[in-house]
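# Overview (structure and organization)
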Amino acid sequence: MKLSFFILLLVLTSCSFNDSIEQKKIINGSIKYAKHFNLINKNQSNVLQIFDPETHNIQREYIISAEPLELEHNIVAPIKSIIPLSSTHVGMLSVLKSLNSIVAISDSNYVYNPFLLKDINIGKVEQVGGEGMESSEKILKLRPNVLMYSGFGKEFKKEKQLEKFGINCIPNYDWRELHPLGKAEWIKVFGALLGKEKEANDYFNEIEKAYFKLTNQVRSIQNKKSILSGHLVGDIWFAPAGDSYNAQFFKDANVDYVYADSEGTGSIKKSLEEIIHENKSTDYWLNCNSLCLNDLAFLQKKYAFLLPFQKGQVYDYNINGQLFWEMSAIEPHKVLSDLINIVYPSVLKENKLYFYSQLK
């Protein structure tokens, strides 16, 4: 390998963790929407940088190369085996036709893909438990090249133990992305690991094009419909905050989201009384966390005061829950299409819902 490449690697791996993300994005230029990772390409190798969602500094840096290098966190690609601990990871692997690289998952109860379920049922793919409860003994026995985790607790407790045996543990913060295409862009990480960069880039470019085609189709609508999202947990109604991932979908669907002006990127909390008072004329209710209207009425009689409940304009993805959690991150254009078909059913030629269903 050329000396210049080794010099580049030395420079990259010695960069300060406080170097600005923006500078590194300029070097690469290929990551458009994701804020929590970067890929720097050089001489058929990649430097994968994972950014801490809180500090925005580099949390971890991996050198993905075709040949082994005497460097920490070096991953030889294409990898042969992986343990994805999140449903969204499985969805991205399925899009890249790489389900055969999966040697274990967290729990089959969260799997939708029928081919993967078959491999689990015949014992070809193991179940190692959810994040924080996973079996290190099973993982060590399987010896995957990579274990991908969501980083809910930031540190993966068994990471140091596993890395001693050559198992690279990579945090995936797709769930912290605020733009639907930012979450989907994490497919490029899997593309780099699997030696399928072209396939990952081509797929992402296709869904990006499809996503913006949809936004353009509803952009000129003047008579906007209004929408309420969320549901009660105990006595508190949790709704997407104005700068959240879900709120971005509503904005791109050109829908008047009731709490679009609220601050924050997570959820806002409301009492049921506030929800009823502030949504007397709201047209639609999404993400109610229920399967039918009778169940909602049984849980809370006061839902009858909501106009969407009265008119039967209540929608949720729970009927197709496993499909939604596995594929919605990598198919944001289909989520957006569902929202448009719910709120503006005459706009698109194809008005069949994919993830969502209307409660009966």
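These lines cover the structure that appears in this document, whether it is placed above or below. (Residues numbered from 1 in each chain as written. Predicted model: local features only at pLDDT ≥ 70, side-chain atom pairs only at ≥ 80, totals over all residues. Heavy atoms only, no water.)

## A closer look at helix α4 (residues 114-121)
Side chains three or four residues apart in an α-helix point the same way, a direct result of the helix having 3.6 residues per turn. Turning to α4, its buried residues number three or more, namely L116, D119 and I120. Taken end-on, α4 shows its buried residues confined to a sector of 100°, consistent with a single buried face. Seen from the buried face of α4, the exposed residues on the opposite side, beyond 90 degrees, are P114, F115, K118 and N121. Summarising the contacts, the buried residues of α4 are in contact with α3 (87-95), β6 (104-105) and β7 (126-127). Looking at where α4 begins, the residue whose side-chain oxygen comes 3.0 Å from the main-chain nitrogen of F115 is N113. Just beyond α4, the residue with positive phi is G123, at close to 85°. (Buried < 20%, exposed > 50% of the residue type's maximum accessible area, 1.4 Å probe, protein only. Helix = DSSP H or I, 4+ residues; strand = E, 2+ residues; numbered from the N terminus. Arc of directions from axis to C-beta. Contact = heavy atoms within 4.5 Å. Polar contact = N/O pair within 3.5 Å; in protein donor to acceptor, adjacent residues only side chain to side chain.)

## So, the packing of aromatic side chains
Enumeration over the complete set of coordinates arrives at 20 aromatic pairs. Relative to W175, the ring of Y173 lies with its centre 6.4 Å away and its plane at 50°, an arrangement referred to as tilted. Assessed through its relative accessible area of 1%, Y173 is described here as buried. W175 gets classed as partly exposed once you look at its relative accessible area, which sits at 32%. (Phe/Tyr/Trp six-rings, centres within 6.5 Å; stacked < 30°, edge-to-face > 60°.)

## Digging into the sheet that holds strand β5 (residues 82-84)
Pairing is parallel across the open sheet formed by 3 strands, whose spatial order is β5-β8-β9. Lying at the two open borders of the sheet, with one neighbouring strand each, are β5 and β9 (168-171). The average angle at which neighbouring strand axes cross in this sheet is 15°, direction not considered. Pairing analysis gives 4 bridges linking strand β8 (residues 146-149) to β9, with the strands arranged parallel. Counted as the bridge partner of V146 is N168 from β9. Running at roughly 175° to β8, helix α8 (residues 187-194) makes contact with β5, β8 and β9 of the sheet. (Pairing = 2+ DSSP bridges. Axes fitted to C-alpha atoms, helices over the stretch in contact; angles between N-to-C directions.)

## Re the side chain of S101
Among the structural elements, S101 can be located in the loop between α3 and β6. Judged by its relative accessible area of 4%, S101 is buried. Sequence-distant contacts of S101, that is, excluding residues within four places in its chain, are made with K80, S81, I82, L93 and L194.

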